[in-house]
Amino acid sequence: MTAPTADTEIDPAKIQAYLQTTYCVSLETETLSLNIGTQHNTLTDLFSTHAVNCGAFITAYNPKGTEQPSELNESAHDLLLDRVNSLGHKSLEAYTQTHASHWPTEHGLFVLGIALEQAQSLARDFDQDALVWVGSDLIPVLILLR
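Residues numbered from 1 in each chain as written. Predicted model: local features only at pLDDT ≥ 70, side-chain atom pairs only at ≥ 80, totals over all residues. Heavy atoms only, no water.

Peer 1: Quick question: what am I supposed to make of a negative patch on the surface here?
Peer 2: Residues Glu71, Glu74, Asp78 and Asp82 make up a contiguous surface patch of negative charge. Along the polypeptide, Asp78 turns up in helix H3 (residues 70-86). We classify Asp78 as partly exposed; its relative accessible area is 45%. (Patch = residues over 30% accessible without salt bridge, like charges linked within 9 Å, V, L, I, M, F, W, Y side chains within 5 Å. Areas by Shrake-Rupley, 256 points an atom, 1.4 Å probe, with all protein chains shown as cover. Salt bridge = Lys/Arg side-chain N within 4 Å of Asp/Glu carboxyl O. Lys, Arg positive; Asp, Glu negative; His and termini not counted. Charge placed at Lys NZ, Arg CZ, Asp CG, Glu CD. Helix = DSSP H or I, 4+ residues; strand = E, 2+ residues; numbered from the N terminus. Buried < 20%, exposed > 50% of the residue type's maximum accessible area, 1.4 Å probe, protein only.)

Peer 1: Please explain the pattern of salt bridges as it appears in this structure.
Peer 2: Side chains bearing opposite charge may pair, as long as their charged atoms lie close to each other. Tallied over the full model, the rule gives four salt bridges. Across the pair Glu9 and Arg146 runs a salt bridge, and its minimum N-O distance is 2.6 Å. Here Glu9 is found in the segment before helix H1 (12-20), whereas its partner Arg146 is found in the segment after strand S7 (140-144), with 137 residues between them in sequence. In this structure Glu9 comes out as exposed when scored by relative accessible area, which is 61%. Using a relative accessible area of 22% as the deciding quantity, one classes Arg146 as partly exposed. Here Asp129 makes a salt bridge to Lys14, at a shortest N to O gap of 3.5 Å. Of this pair, Asp129 sits in the loop between helix H4 (116-125) and strand S6 (130-134) while Lys14 is found in helix H1, placing the two residues 115 residues apart along the sequence. Assessed through its relative accessible area of 1%, Asp129 is described here as buried. For Lys14, a relative accessible area of 25% gives the class partly exposed.

Given below as C-alpha cells:
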C-alpha cells in the first residue's frame, strides 16, 4: 500500500524497492520487523506503553535516495534525533533491511505519536523520498514525498 505514483518524480523501481524493504524497530528485548501493507498487531503494546496511536519511520540517510558517505549519513541522523527531541517526541532507533537490491542498511528513527503532516514535513527537511507511516490500524503505509 502506498500513495499514488502518477504524480511523483521517484523512479518506479525505487518505489518498488521501498515497498519490499523491512523496517525494523529496536526495542529493549526484541526487534519489530514491519512490512508495508501488512498489519502488525505487535505494535499494539508499543503504542499502548507510550500512550500513542501512530508512529513513523523516518531516516535522514541518503537524501533523495542518493547514496552518501557514512560520515554524512551519521551526522544527518544525529540532526534528525535532535529535531525529534526538540519536537518533544519519543523515538526508537530503527533501520532498514533490503531484500531485492544492493542498497545498504539505513538507520533511522521510529517516532512515536507524531502527526502525519509533521512527519512529512520533518522527512522533507531531510530531503527524503518517502517515510513509513503507521496509524491506529497498525498497517505500515509508504508515504511518498516527492
